[in-house]
Amino acid sequence: MEAPLGPDDVGRQLGLDSECLDRLIAYAELLVKWQARINLVGPGTIPDLWRRHILDSAQLFPYLPDGPVLDLGSGAGFPGLVLAILRGGKDAVPVHLAESDGRKGAFLREAIRVTGASAVVHTARIESLTAFPVGAITARALAPLGDLLKMAEKFLQPSVHCLFLKGRSGDEELTQAAKDWMMTIERISSLTDPSGVILHLSEVHRGRDER
């Protein structure tokens, strides 16, 4: 088993400046504090928080296009709030965090205040949101791919990129989703999980390739 990563390890791997790393540290400290009161992440992942959650989320950053981001089922802020912190302060293009759980929504708002990230919390079910323009849609450990695309459908324009963190089931989920959806697919190996993959999808729309 690999030794847990700390903030300096992740900062070096991502090439972060001290200001950005300090904001990630403030976020991680707040999460550990709140974890004692509400279950934000699996308790067993806390000792390796920086690898399992922060680096795992941050690996999406290089693939983000310009424009607002919609993060589906943000939970404790992975990957959406990490991406918002990496984008910069309050003047950066925002990341929209969709999280229906009110307690997690309260945590996210406090984390935004503490870190100064440019992010907006939507404490509602994804399906109930009114569509607004986005450049990318992200999600981690929320639902099978076909279900994610249904949730995101009203936001899916030809220019929108989807970045979904998946485990070993990624290829199977792609096969199932292809029954109802057409898309351009790029598979990117995960930095944190040998069996994991980032599914980078573009030009996603309803329909089936009958070729």
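Relevant structure appears above.
The text that follows walks through the structure, step by step, so that each part is easy to find. (Residues numbered from 1 in each chain as written. Predicted model: local features only at pLDDT ≥ 70, side-chain atom pairs only at ≥ 80, totals over all residues. Heavy atoms only, no water.)

## Remarks on the side chain of Glu 99
Note the threshold: A run of DSSP states H or I qualifies as a helix once it reaches four residues; a run of E qualifies as a strand once it reaches two. Both are numbered from the N-terminal end. Only protein chains enter the accessibility calculation, which uses a 1.4 Å probe; a residue is then buried when its area is under 20% of its type maximum, exposed when over 50%, and partly exposed in between. Under this rule, positive means Lys or Arg and negative means Asp or Glu; His and the chain ends count for nothing. We define a salt bridge as a side-chain nitrogen of Lys or Arg found within 4 Å of a carboxyl oxygen belonging to Asp or Glu. Side-chain atoms alone can form a polar contact between residues adjacent in sequence; in general such a contact is a pair of N or O atoms within 3.5 Å, and within protein one must be able to donate a hydrogen while the other accepts it. Contact between two residues is taken to exist if any of their heavy atoms lie within 4.5 Å; hydrogens are not considered.
Along the chain, Glu 99 turns up in the loop between strand E2 (95-98) and helix H5 (102-115). Here Glu 99 sits buried without a salt bridge, and the closest side chain of opposite charge, Lys 104, lies 5.2 Å off (N-O distance). For Glu 99, the side chain forms a polar contact with the main-chain nitrogen of Gly 75, separated by 2.7 Å. For Glu 99, the residues in contact, after removing those within four places along its chain, are Gly 73, Ser 74, Gly 75, Lys 104, Gly 105, Leu 108, His 122, Thr 123 and Ala 124.

## Examining the pairing of strand E1 (residues 69-72)
Applicable threshold: Viewed with both strands pointing away, a crossover whose connecting path from the first strand over the helix to the second turns clockwise is right-handed. Strands are labelled as partners when DSSP assigns at least two bridges between them.
On E1, burial covers both faces: Val 69 and Asp 71 on one face and Leu 70 and Leu 72 on the other are all buried. In this view, the connection linking E1 to its parallel neighbour E2 by way of helix H4 (residues 80-87) has right-handed handedness. In terms of strand pairing, E1 meets strand E4 (residues 136-140) through four bridges, oriented parallel. Paired with Leu 72 across the bridge in E4 is Ala 139.

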